[in-house]
Amino acid sequence: MTMRRLFQMVLSVALALALIVLLVKVGKVDLRVTLQQLKRVSLMSFAKIALLNALLVYLSTEKWRIIDAAWRCPSDSAPSRTTSYALTSIGLAIGIFLPLQLAMATARTLGTYVHGRAVKRGTVGTLLEQGFDVYMVGFLAVASGVTWFYHGGAKTWALCAAAAITLALLAVGPTVRIIRRLAATCNASTAESHNRILRSVWALQHSGILNAALARRLVVLSALRTGTVVLMSIQTAEAVGLHIPVWQMAAAIPLVSLANIIAVTPGGIGLNDLAGAGALKVFGTPFAIGAQWVLANRVLVSMSYLLFAVCAAIALGAGRMAAPGTGFEIQEDNQ
């Protein structure tokens, strides 16, 4: 590790801590009260969060598998659904400490190493999968902006969100056609270029990803994923006894998701928390309540991510050991 990279890491961690301190100070959060709230979280409440997390992982996994099926070469083998689910779970857990995009790409790239073209399928495939999430929350963020501009409430947000999702689906076709035209400018000689971006564009043109029907399916899954994040956020608030109107949470989440793209702190710590409390304040939730929620939400969601990652790693390891041709099976035969 170079001194420059080490300095960047130290600076990133310091910034995250400074932003958390700022959140606590501005929100006048009593950390002892927050800790007591977390201790009072019932097993049933945490189970609901875990189940929603299971759905979240499933939706992300399905999107990646769909893209991988259209992206990989015929000679490449496909990871099983269990393996894909485990890699996504592990990636989310790593995302607690690293930027989410980097964490997911790293877990999937390492996990698909034995299946061929790991960088292309793990890294590029993850970026494409996450790109559909950004596409969807971008439209929903506009809906949130319109709701705020017109001082709207639950009905305004619901109408704007429905319109945003409809427009996102309608825009898929024209967007795919535009990308196809841009990709068409890259001819066969581009594939031999030393420019990775040009090679990726050429490969994208000759893959099955630039398909409007497939893209609409991915947009729908991204919309469902965003809805699941909203439900998890509502559940974490209820788990610690905080009341935040559903529509305010739903309107704030797209703005927080956009802030998550700015990967300047580990796992978005501090930055996402300030964005969450600030977005809720914009729609009517007091900043103090929003600050309590983001801290509790980070702890409970992180615990859920880690729990699933451990279970996924155990299941993945057990599956690999029991697979034909492994050392474990040979040892059993010798016995």
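It should be emphasised that the depicted structure is a prediction, and the values quoted were computed from it without experimental measurement. (Residues numbered from 1 in each chain as written. Predicted model: local features only at pLDDT ≥ 70, side-chain atom pairs only at ≥ 80, totals over all residues. Heavy atoms only, no water.)

**Q** I tried to follow the overall build of the protein on my own but got confused; where do I start?
**A** Counting secondary structure elements, the protein contains 14 helices and 0 strands. Walking the protein from its N terminus toward its C terminus, one meets helices and strands in the order α-α-α-α-α-α-α-α-α-α-α-α-α-α. Long-range contacts, defined as pairs at least 24 residues apart, comprise 74% of the intrachain contacts of the protein with a sequence gap of at least 6. (Helix = DSSP H or I, 4+ residues; strand = E, 2+ residues; numbered from the N terminus. Contact = heavy atoms within 4.5 Å.)

**Q** What exactly am I supposed to notice about helix 1 (residues 3-27) here?
**A** Each α-helix turn comprises 3.6 residues. Residues three or four places apart therefore point the same way. If you check helix 1, its first and last C-alpha atoms are 36 Å apart, about what 25 residues at 1.5 Å a residue would give, namely 36 Å. Considered for burial, the residues of helix 1 that qualify are Ser 12, Ala 16, Leu 19, Leu 23, Val 24 and Gly 27. (Expected span 1.5 Å × (residues − 1). Buried < 20%, exposed > 50% of the residue type's maximum accessible area, 1.4 Å probe, protein only.)

**Q** Hey, could you run me through helix 7 (residues 154-170) in this one?
**A** Over its 17 residues, helix 7 extends 24 Å from the first C-alpha to the last, a length consistent with the 24 Å expected when each residue adds 1.5 Å. Along helix 7, the positions that sit buried rather than exposed are Trp 157, Cys 160, Ala 161, Ala 164 and Ala 168. Summarising the axial view, the buried residues of helix 7 lie within an arc of 105 degrees, below the 170-degree limit, and thus occupy one face. Of the exposed residues in helix 7, the ones pointing more than 90 degrees away from its buried face are Lys 155, Leu 159 and Leu 170. (Arc of directions from axis to C-beta.)

**Q** Quick question: what am I supposed to make of the environment of Arg 65 here?
**A** Within the secondary structure, Arg 65 sits in helix 3 (residues 43-71). Judged by its relative accessible area of 25%, Arg 65 falls in the partly exposed class. The spacing of Arg 65 and Ser 80 is 15 residues in sequence and 9.4 Å in space, taken between C-alpha atoms. Here Arg 65 is in contact with Pro 79, Ser 80, Arg 81 and Ser 84, once residues within four sequence places are set aside. A distance of 3.0 Å separates a polar side-chain atom of Arg 65 from the backbone oxygen of Pro 79. (Polar contact = N/O pair within 3.5 Å; in protein donor to acceptor, adjacent residues only side chain to side chain.)

**Q** Looking at this structure, how should I read the packing of helix 10 (residues 212-239) against helix 11 (residues 246-259)?
**A** Any two packed helices are characterised by how steeply their axes cross, that is the angle between the axes, and by the distance between the axes. Where helix 10 meets helix 11, the closest approach of the two axes is 9 Å, and the angle between their N-to-C directions is 130 degrees. By the angle between their axes, helix 10 is oblique relative to helix 11. For the element pair helix 10 and helix 11, the recorded crossing hand is right-handed. For the pair helix 10 and helix 11, the contacting residues are Val 229, Val 230, Ser 233, Ile 234 and Ala 237 in the first and Val 246, Met 249, Ala 250 and Ile 253 in the second. A class-by-class count of the residues in the contact of helix 10 with helix 11 yields 8 nonpolar, 1 polar and no charged. (Axes fitted to C-alpha atoms, helices over the stretch in contact; angles between N-to-C directions. Parallel < 35°, antiparallel > 145°, perpendicular 65-115°, else oblique. Left-handed = near helix turned anticlockwise from the far one by under 90°. Nonpolar A, V, L, I, M, F, W, Y, C, P; charged D, E, K, R; others polar.)

**Q** What should I look at first to understand the packing of aromatic side chains in this one?
**A** Given two aromatic rings, one states the distance between the centres and the angle between the planes to describe the pair. This model, assessed by the stated rule, comprises 3 aromatic pairs. Ring centres of Phe 149 and Tyr 150 lie 5.1 Å apart, and the angle between their planes is 85 degrees; on these two criteria the pair is classed as edge-to-face. (Phe/Tyr/Trp six-rings, centres within 6.5 Å; stacked < 30°, edge-to-face > 60°.)

**Q** Sorry, what's going on with the confidence of the model for the protein here?
**A** Should the pLDDT be low somewhere, the predicted coordinates at that spot are not to be read in detail. This prediction gives the protein a mean pLDDT of 84; 84% of its residues lie at or above 70. Across the protein, element-level confidence peaks in helix 7 with a mean pLDDT of 96 and bottoms out in helix 14 (residues 327-334) with 38. Every residue in residues 326-335 scores below 50 in pLDDT, and together they form 8 contacts with partners more than four places removed in sequence or on other chains. (pLDDT = per-residue confidence, 0-100.)

**Q** Help me understand the side chain of Asn 53 in this model?
**A** Mapped onto the secondary structure, Asn 53 falls in helix 3. Look past the residues within four positions of Asn 53 in its chain and what remains in contact with it is Leu 92, Met 232, Ser 304, Tyr 305 and Phe 308.

**Q** Is there a simple way to think about the pattern of salt bridges in this case?
**A** Taken as a whole and judged by the stated rule, the model has 7 salt bridges. Across the pair Glu 129 and Arg 108 runs a salt bridge whose closest N-O atoms are separated by 2.6 Å. With a gap of 21 residues between them, Glu 129 in helix 6 (residues 118-149) and Arg 108 in helix 5 (residues 100-111) connect regions that are remote in the sequence. Of the residues examined, Glu 129 reaches a relative accessible area of 0% and is grouped as buried. Residue Arg 108 is classed as buried on the basis of its relative accessible area, which comes to 0%. One continuous salt-bridge network, built from bridges that share partners, spans Lys 63, Arg 108, Glu 129, Asp 133 and Arg 225. (Salt bridge = Lys/Arg side-chain N within 4 Å of Asp/Glu carboxyl O.)

**Q** What am I meant to see in the packing of helix 1 against helix 12 (residues 271-282) here?
**A** Contact geometry of helix 1 with helix 12 gives a least axis separation of 8 Å together with a crossing angle of 30 degrees. One element, helix 1, and the other, helix 12, form an angle in the roughly parallel class. Every residue of helix 12 that contacts helix 1 at Leu 19, Ile 20, Leu 22 and Leu 23 is listed here: Leu 271, Asp 273, Leu 274 and Ala 277. Of the residues contributing to the contact of helix 1 with helix 12, the split by class is 7 nonpolar, no polar and 1 charged.

**Q** For this particular structure, what's the right way to read the side chain of Asp 133?
**A** Along the chain, Asp 133 falls in helix 6. When sequence neighbours within four positions are dropped, the list of residues in contact with Asp 133 reads Lys 63, Ser 222 and Arg 225.

**Q** Mind showing me how you'd approach the nonpolar core here?
**A** Taken as a class, soluble globular proteins show a tendency for nonpolar side chains to be buried jointly. In this structure, Leu 23, Trp 157, Val 240, Met 249, Trp 293 and Leu 300 are the most contacted members of the largest nonpolar core, which totals 65 residues. When residues of this core are assigned to their parent elements, the largest contribution, 11 residues, is made by helix 10. Formed by 5 residues, the second largest nonpolar core is a distinct cluster that contains Trp 64, Ala 86, Ala 312 and Leu 316. (Core = buried A, V, L, I, M, F, W, Y, C linked by side-chain atoms within 4.5 Å.)

**Q** I would appreciate a short explanation of the environment of Ser 302 in the present structure.
**A** Mapped onto the fold, Ser 302 is located in helix 13 (residues 287-322). Here the alpha-carbon distance between Ser 302 and Phe 97, two residues 205 residues apart in the chain, equals 9.9 Å. Those residues in contact with Ser 302, other than ones at most four positions away along the chain, are Ile 96 and Asn 297. A polar contact is formed between the side chain of Ser 302 and the backbone oxygen of Arg 298, at a distance of 2.6 Å.

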